[in-house]
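Descriptive analysis of the structure
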Amino acid sequence: MSTITEIQREIAAVAARVGPVVVGFGRGWGRGSGVIVSQEKVLTNAHNLRTDEVTVTFSDGRRAGGRVAGIDGDLDLAVVEVETGDIAPVEWDPERDAAPIGTAVIAVANPGGRGLRATPGFVSAFGQSFRGPRGRRITGAIEHTAPLPRGSGGGPLVDLDGSLLGLNAIRLEGGLILAVAANRALADSAERLARGDAPSRARLGVAVAPPQVARRLRRAVGLPDQAGVLIRSVAESSAAEQAGLERGDLIVRAGGEEVESVDLLYRALDEVSPGGELALAVLRGTDERNVTVRFLETAR
């Protein structure tokens, strides 16, 4: 038997084994994919979901209405509750070690419910990090070479035994893909979201630019160099707006600690209890101001 024939049979076998647990969301290419992780529960990327009610398409073409059980927009994760019938969940060992470089993998998806896709590749790096859609850093990701079409985010990355290695998340330049590792942290998050226990975190309600960008922009308008996180926009009715923060303010301290990176700002926010407060020091031009932000509500 030739090598190419062996590869062909291997991909086909994994696709047949894993295919039933892979679903599509929405219709067409625009929404995404997901994977059945327990009875009536599908794990996916939060950015695939536009409302709490979704259309789920199974590998056999069946469509069913689903409901968002829990969502974590910061970590870009969501669990959808839908009637899965007698489909057995994906095989998953959250305690396994990270897949080393060179591990053969297969990415599986059902982009927007348009039918099953399966592509082979290899792990090119592990322990990677990237920023989620709300700016928080997601760590421990698997980088791999299995190419994916648009709408594949939220689909599973599996090994040649069909066991879950990760949840495909974002596409990098050069065609590489990052997948959230299917480790204990992901399993715990999926279990909480399946119970409807969505995390609550203090949210400023601002879009920010990192320190290196802030320095460049301040120099461009003749302001002194200063480390900090620059506010690019402020959401209407947000905690930031109510505290008087404005576009162009430079956050230099949060909770009394220097803010030399976006991650340090998020760390300070994570320490705020529900309904709590956070003291910020900001530069508006060359004037430093002390601001107390009050978080009357927390957002998922």
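See the structure shown above.
Thresholds, definitions, all that
- Residues numbered from 1 in each chain as written.
- Predicted model: local features only at pLDDT ≥ 70, side-chain atom pairs only at ≥ 80, totals over all residues.
- Heavy atoms only, no water.
- Pairing = 2+ DSSP bridges.
- Helix = DSSP H or I, 4+ residues; strand = E, 2+ residues; numbered from the N terminus.
- Buried < 20%, exposed > 50% of the residue type's maximum accessible area, 1.4 Å probe, protein only.
- Arc of directions from axis to C-beta.
- Contact = heavy atoms within 4.5 Å.
- Patch = residues over 30% accessible without salt bridge, like charges linked within 9 Å, V, L, I, M, F, W, Y side chains within 5 Å.
- Areas by Shrake-Rupley, 256 points an atom, 1.4 Å probe, with all protein chains shown as cover.
- Salt bridge = Lys/Arg side-chain N within 4 Å of Asp/Glu carboxyl O.
- Lys, Arg positive; Asp, Glu negative; His and termini not counted.
- Charge placed at Lys NZ, Arg CZ, Asp CG, Glu CD.
- Axes fitted to C-alpha atoms, helices over the stretch in contact; angles between N-to-C directions.
- Polar contact = N/O pair within 3.5 Å; in protein donor to acceptor, adjacent residues only side chain to side chain.
- Core = buried A, V, L, I, M, F, W, Y, C linked by side-chain atoms within 4.5 Å.

Looking at chain direction, strand β1 (residues 22-25) and strand β4 (residues 53-57) are connected through 2 bridges and run antiparallel. Paired with Gly24 across the strands is Thr57, a residue of β4. Bridging between β4 and strand β5 (residues 63-72) involves 5 bridges; their strand directions are antiparallel. Opposite Val56, over in β5, you have Ala64 as the bridge partner. Turn length for the β4-β5 hairpin, with the two strands adjacent in sequence and antiparallel, is 5 residues, and the turn residue Gly61 shows positive phi of about 95°.

This paragraph deals with helix α3 (residues 211-220). Those residues of α3 that fall on the buried side of the exposure criterion are Pro211, Ala214 and Arg218. For α3, the angular spread of the buried residues around the axis is 55°, confining them to a single face. Exposed positions of α3 whose direction lies more than 90 degrees from the buried face are Gln212 and Ala220. Its buried side turned inward, α3 meets β13 (206-209), β14 (229-234), β15 (250-254), α5 (262-270) and β17 (277-284). The positive-phi residue at the C-terminal boundary of α3 is Gly222, with phi of around 80°.

There is a patch of like negative charges on the surface, built from Glu6, Glu10, Glu91 and Asp161. In this fold, Glu91 is placed in the loop between β6 (77-81) and β7 (104-109).

What follows covers the sheet that holds strand β8 (residues 117-131). Spatially, the 6 strands close up into a barrel ordered β7-β8-β9-β12-β11-β10, and their pairing is antiparallel. The sheet shows a mean angle of 50° between the axes of neighbouring strands, taken without regard to direction. Sheet topology places strand β10 (residues 156-158) next to strand β11 (residues 164-171); 3 bridges connect them, and they run antiparallel. Across the sheet, Val158 pairs through a bridge with Leu164, a residue of β11. Running at roughly 45° to β7, helix α1 (residues 3-18) makes contact with β7, β8 and β10 of the sheet.

Every α-helix winds through 3.6 residues per turn, so residues three or four apart in the chain are directed the same way. Residues of helix α2 (residues 184-194) that are buried: Leu186, Ala187, Ser189, Ala190 and Leu193. All buried residues of α2 project into a common sector of 165° when viewed along the axis, lining one side. Buried residues belonging to α2 abut β3 (41-44), β5, β6 and β12 (177-181). Two or three places before Ala185, at the start of α2, stands the capping residue Asn183, its side-chain oxygen 3.2 Å from that residue's backbone nitrogen. Phi turns positive one or two residues past the end of α2, at Gly196, with a value near 85°.

Let us now look at unusual backbone geometry. Despite not being glycine, Asp76 shows a phi value in the positive range, around 60°. With respect to the secondary-structure elements, Asp76 resides in the loop between β5 and β6. A positive phi angle, near 65°, is found at Ser237, a position not held by glycine. When you line up the elements, Ser237 lands in the loop between β14 and α4 (239-242).

Below, the discussion takes up the nonpolar core. If you look at soluble globular proteins, the nonpolar side chains tend to sit buried side by side. Phe25, Leu43 and Val56 are the most contacted members of the largest nonpolar core, which has 42 residues in total. Ignoring any residue separated from it by four or fewer positions in sequence, one finds Leu43 in contact with Gly34, Val35, Val37, Ala78, Val79, Trp92, Gly154, Leu167, Leu186 and Ala190. In terms of nonpolar packing, the next biggest core, distinct from the first, is built from 23 residues, Ala239, Leu245, Tyr266 and Val293 among them.

Applying the stated criterion across every chain yields a total of 17 salt bridges. Of the charged contacts, one joins Arg201 and Asp74 as a salt bridge, the two residues approaching to 3.0 Å between their closest N and O atoms. You can see Arg201 sitting in the loop between α2 and β13 and its partner Asp74 sitting in the loop between β5 and β6, a full 127 residues away along the chain. Residue class for Arg201 comes out buried when judged on its relative accessible area of 17%. Measuring nitrogen to oxygen at the nearest pair gives 2.8 Å for the salt bridge that ties Asp249 to Arg284. Taken as a pair, Asp249 in the loop between α4 and β15 and Arg284 in strand β17 lie far apart in primary sequence, 35 residues in all. Taking the relative accessible area as the measure of exposure, Arg284 reaches 21% and is therefore partly exposed. Sharing partners across several salt bridges, the network here consists of Asp72, Asp74, Arg136, Arg201, Arg203 and Asp270.

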